[in-house]
Amino acid sequence: MEELKQRILRDGKVRGSNEVLKVDSFLNHQMDVAFLQDVGRAFRQRFADCQIDRILTIEASGIGIACLAALAFDQVPVVFAKKNKTKNIAGDVYLSQVESFTQSKRPYNIFVSKEFLLPGERVLLIDDFLANGSALSALIDVVHQAGAQVVGAGIVIEKAFQPGGKLIREKGIRVESLARIAAMSEETGVVFCDD
Ligand code: 5GP
């Protein structure tokens, strides 16, 4: 998505030491809703051949993107996996674990109520970034626990120099990333993959 690449080049800030790209001005803090609407439409185009029953994402940054994608998909329901802050969570939930990329690799649980993810449903996963693939793997795990099917994963920014994309695609999951970063550093900035 050309507009996204231009936006990353213009507004993205590379934090070299921990390989984090900050796009706080339009995606992760302040949100450019008109632009994110185009992001939602781009996901619709990429998955135009698929029937989607539900969009699943993870709090917090995925929520806005998933909602705008849902509008482009004629308002399919959006569910976000909650991050568990307490040790005990009551009852009827699917539970999985994520190794946080941004927060010192500390693992945390995510959960989704069984009420909002049903057997046989075709689920599209949406997230802002793909790095090592831990967040996406946990979402895939949750979908499989529900007896539902992962149609694919729509990612806004894939850091292709990290292993997540390969790992998830090797599981047979279709991953559509709107921008793929081949390399980045504070000195050189962001370099995109050729696709
Ligand atoms: P993964 O689980 O694939 O290692 O990391 C994906 C998650 O970590 C995303 O949900 C995203 O919130 C966060 N993340 C990973 N890399 C970056 C990054 O470079 N910038 C930002 N803002 N978030 C990232």
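A brief look at the structure comes next. Residue positions are counted from 1 within each chain, in the order its sequence is given. Residue-level local features of this predicted model are given only where pLDDT is at least 70; pairs of side-chain atoms are given and counted only at 80 or more, and the full residue set underlies all totals for whole chains, interfaces and linings. Based on all heavy atoms of the structure, the side-chain values leave hydrogens and waters out of the count.

The next subject is the side chain of Arg54. Numbering of helices and strands runs from the N terminus; a helix is a DSSP stretch of H or I covering at least four residues, while a strand is a stretch of E covering at least two. The topology assignment puts Arg54 in strand β3 (residues 54-58). Apart from residues no more than four positions distant in its own chain, Arg54 is found in contact with Pro77, Val79, Phe116, Leu117, Leu118, Glu121, Arg122, Val123 and Leu124. Only heavy atoms matter for contacts: two residues are in contact if any of them lie within 4.5 Å across the pair.

Here helix α5 (residues 134-145) is 12 residues long and its end C-alpha atoms lie 16 Å apart, about the 16 Å a rise of 1.5 Å per residue gives. Between buried and exposed lies partly exposed: a residue is buried under 20% and exposed over 50% of the maximum accessible area for its type, with that area taken using a 1.4 Å probe on protein chains only. Burial in α5 covers these residues: Ala135, Leu136, Ser137, Ala138, Leu139, Ile140, Val142 and Val143. Positive backbone phi, at 75 degrees, marks Gly147, one or two positions downstream of α5. The span you would expect from a helix comes to 1.5 Å times its residue count less one.

On to the site of the ligand. Contacts to the ligand come from 16 residues, most closely from Leu21, Asp127, Gly133, Ala135 and Lys159. One of the backbone N or O atoms of Ser134 is found 3.1 Å from an oxygen atom in the ligand. Taking 510 Å² as the accessible area of the ligand by itself, protein coverage stands at 89%. Put simply, the parts of the chain that give the shell around the ligand at least two residues each are β2 (20-22), β7 (122-130) and α5. Sorting elements by how many residues they give to the shell around the ligand places β7 first, with 4 residues. Throughout this entry, Asp, Glu, Lys and Arg are counted as charged residues, while Ala, Val, Leu, Ile, Met, Phe, Trp, Tyr, Cys and Pro are counted as nonpolar. The remaining residues, Gly among them, count as polar. Along the lines of polarity and charge, the residues of the shell around the ligand split into 7 nonpolar, 5 polar and 4 charged. One heavy atom suffices: a residue is near a molecule or strand as soon as one of its heavy atoms comes within 4 Å of it. Whenever two N or O atoms come within 3.5 Å, that pair is a polar contact, provided that in protein one can donate a hydrogen and the other can accept it, and provided that, for residues adjacent in sequence, both atoms are side-chain atoms. In this description, accessible areas are obtained by the Shrake-Rupley approach with a 1.4 Å probe, and a residue is regarded as covered only by the protein chains that are shown.

Interpretation note: all reported values are geometric properties and have no functional meaning in isolation.
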